[in-house]
Amino acid sequence: GPGKMEYSARIGATEKEQDTHSRNIEARIKKSFDVGLPFSPYLAVRLGQKTSNTDKSSYTHWALDAGLKLPVASQLAMDVGVRYRDAFRSTIHYQSTRYHAALLYEIDPSNVVGLRYTTSTSTNKPEEERDGWRINYQHNF
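First, a word on scope: everything that follows refers to the structure included in this document. (Residues numbered from 1 in each chain as written. Predicted model: local features only at pLDDT ≥ 70, side-chain atom pairs only at ≥ 80, totals over all residues. Heavy atoms only, no water.)

## Considerations on the pattern of salt bridges
Next, step 1: Enumeration over the complete set of coordinates arrives at four salt bridges.
Next, step 2: In this structure, Arg-28 engages Glu-6 in a salt bridge whose closest nitrogen and oxygen atoms are separated by 3.5 Å. With Arg-28 in strand E2 (residues 21-32) and Glu-6 in strand E1 (residues 5-15), this pair connects stretches of sequence that are 22 residues apart.
Next, step 3: For the salt bridge of Arg-46 with Asp-65, the shortest nitrogen-to-oxygen distance reads 2.8 Å. Taken together, the positions of Arg-46 in strand E3 (residues 40-52) and Asp-65 in strand E4 (residues 57-73) put the pair 19 residues apart, joining distant regions of the chain.
Next, step 4: Judged by its relative accessible area of 7%, Arg-46 falls in the buried class. (Salt bridge = Lys/Arg side-chain N within 4 Å of Asp/Glu carboxyl O. Helix = DSSP H or I, 4+ residues; strand = E, 2+ residues; numbered from the N terminus. Buried < 20%, exposed > 50% of the residue type's maximum accessible area, 1.4 Å probe, protein only.)

## Here we look at the pairing of strand E5 (residues 76-87)
Next, step 1: Pairing of E4 with E5 involves 12 bridges; the strand directions are antiparallel. Paired with Asp-65 across the two strands is Arg-83, which belongs to E5.
Next, step 2: Counting the residues that bridge the hairpin from E4 to E5 gives two residues.
Next, step 3: Pairing of E5 with strand E6 (residues 96-108) involves 10 bridges; the strand directions are antiparallel. In the sheet register, Arg-83 faces E6, and the bridge partner there is Arg-98. (Pairing = 2+ DSSP bridges.)

Structure (structure tokens):
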């Protein structure tokens, strides 16, 4: 986006086992930096709300992301990074750290598809710990 700023909103749902699910809504602001090198570092901040039927909880959370986008070819890039997330209320302990590596293909300046691998750890929420692959699509306005 202009000034290497991105604004996004995301709504998601996770189904794990029978009768185990959670829902999440997040808003994100991401800033990429031109450092005069082939890669672009970025930082992002997120605010969100999560509900879970596992422990009947609902809470607001924040997250910080940091990473690097590395060009591989004219329309292909690798994105590696980390996200730290926690709840605002001290009574809800929701700390998790997620590491990711993604291969991104730019169809055109407005459309990007990707394949991402993530691994997550949590200090106190075992249900947040997971490894997985995700295919994603992003449309830029």
